[in-house]
Amino acid sequence: MELYEAIVDNLYDGITVTDSQGEILLVNQALEKLSGIPRTSYVGRNIRDIIRSGIFQKPSVTLRALTEKKNITDFQQYQNGITVLVTAVPLFDSQQNLVRILANIHDITELMITKSKLDETEKLSAKYFSELVGLRKHYQKRGIITASDQMHDMLELIARVAPTDSTILLLGESGVGKEVLAREVHENSKRSESGAFIKVNCGAIPADLLESEFFGYAPGAFTGARKEGKPGLFELADQGTLFLDEVGELPLPLQVKLLRVLQEQQFTRVGGTDLIEVNTRIVAATNRNLEAMVAKGEFREDLYYRLHVIPIHIPPLRERREDIPLLIGHFLRVFSEKYNIRKSISPEALEHAERYHWPGNIRELSNVVERLVLTTKEDCMEKEDLPFIKASPSSGVSPFLDLDGGNLFEAMEKKLILSILESEGSIRRAAKKLGVSHTTLIRKMTKHELRN
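Visitor: An account of the sheet that holds strand β1 (residues 14-19) is needed here, citing residue identities and associated values.
Guide: Read across the sheet, five strands follow the order β2-β1-β5-β4-β3 without closing on themselves; strand pairing throughout is antiparallel. Here the strands that pair on one side only, and so sit at the sheet edges, are β2 (24-27) and β3 (72-77). If you compare each strand with its neighbour and ignore which way they point, the axes differ by 25° on average. Summarising the sheet, β1 and β2 pair through three bridges and their orientation is antiparallel. When the bridges of β2 are listed, T16 appears paired with V27. Sitting on the sheet, helix α4 (residues 61-68) touches β1, β3, β4 (83-92) and β5 (98-107), and the angle it makes with β3 is about 150°.

Visitor: Tell me what's going on with the packing of aromatic side chains, and back it up with residues and numbers.
Guide: If you walk through the whole model with that rule in mind, you get ten aromatic pairs. With a centroid separation of 5.8 Å and 15° between ring planes, the pair formed by F215 and F234 is classed as stacked. Pair noted here: F215 is in helix α9 (residues 207-215) and F234 is in helix α10 (residues 233-236), with a separation of 19 residues, a long-range link. Geometrically, the ring pair formed by F331 and F335 is stacked, given 6.2 Å between the ring centres and 25° between the ring planes. Taken together, the residues span about one helical turn, with F331 and F335 both in helix α14 (residues 323-339) at a distance of four residues. Take F331 and F335: they sit in the same class, and that class is buried.

Visitor: Residue-level account of the packing of α14 against helix α15 (residues 347-355), with values.
Guide: It is at 9 Å that the axes of α14 and α15 come closest, and there the two elements cross at 120°. As the angle between them shows, α14 and α15 are arranged oblique. α15 is crossed by α14, and the crossing has right-handed handedness. Between α14 and α15, the residues in contact are I324, P325 and I328 and L350, A353 and E354, respectively. Classifying every residue of the contact of α14 with α15 gives five nonpolar, no polar and one charged.

Parameters and conventions
- Residues numbered from 1 in each chain as written.
- Predicted model: local features only at pLDDT ≥ 70, side-chain atom pairs only at ≥ 80, totals over all residues.
- Heavy atoms only, no water.
- Pairing = 2+ DSSP bridges.
- Helix = DSSP H or I, 4+ residues; strand = E, 2+ residues; numbered from the N terminus.
- Axes fitted to C-alpha atoms, helices over the stretch in contact; angles between N-to-C directions.
- Contact = heavy atoms within 4.5 Å.
- Phe/Tyr/Trp six-rings, centres within 6.5 Å; stacked < 30°, edge-to-face > 60°.
- Buried < 20%, exposed > 50% of the residue type's maximum accessible area, 1.4 Å probe, protein only.
- Parallel < 35°, antiparallel > 145°, perpendicular 65-115°, else oblique.
- Left-handed = near helix turned anticlockwise from the far one by under 90°.
- Nonpolar A, V, L, I, M, F, W, Y, C, P; charged D, E, K, R; others polar.

Next comes the structure, spelled out in structure tokens:
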């Protein structure tokens, strides 16, 4: 008997043994430590008296097992704040009479603390996700999705100049979204109500047809022409916006005629004599270095300066890697809905995609996501599904990823905490705003090396 008592007394979990009337017969040393109350205050007393004394802050699991005569497992908290998980087991004799209640009491305080931290982290995660969604929605109406400060500055510039009639030159690599931004200019101007947005790809139309496409032609201007003639793109864009995509591909002879239209807002149709006046706003775009082309005599200097009124540089995707997760999420939704296939992407695959240099920019990213949606076998796309994406040695690690030596989530965490601290003015108010404890916020600030 002494051996059994020694074993029970040295168990990590607390143990109590109660008789059929609720009188406590045995309490081990572990329960003393858990509850902070000596075993002499338990042994010989009825469990009901213990409950009335306020030792437990929740109903006694042992009393429930005694009353219901079945195994009961539930949480219980002592007056010292320790939370425990109690399993009370009724013991019966051979005639099925209740003789004892054996209760095992396991300390789960650390587990509860961990759970609390997890809850706080989930709250912060929801905040960060809301921040990301908010940034995305800000320009989502016309397909612009960004969390980049560079892009936000550029969009603010577009918002300032769009209501004017100034000529805009969009500069950037292929696939960065020049047409989307050109439409943004049009939609933010009064011309969206008075005229159309007309796009022409200067590199896609044969050189001998460009003039008639731009300016139209008179009846009977050439063999095969319509008898009634045809209006050109400038006429169609009257009171609206004409988007000259890939303007660097224009042949020199047409550059001369384009310059005249830009200066005088008038022209004649091919084969015609009537002077046609238009009020057309020009937005041009190119992925070529026009200054270098001017120096080589490949592009007219006077036309260059006529187009170069408000130049807007669109950064490539590798310089705004914080947009990559947003864009991947957007295209996943688009193509999942289009093909009725539900797909997601793993964190490892997403980080791998963030490190890729994306020479084709948003157009390439869109094509890659569409390919993955259609070709991957599993619902969740993994890094192994992206073997065709090779990290560029020259691209290094994403500047955004390097912000805290972590990933997008940590960068957004730091950015959000800084923003809330600045707006609230104190750590306590900031913690309340974030929905976390004061100590949690201090721990997060220490992690990101933010000063109190």
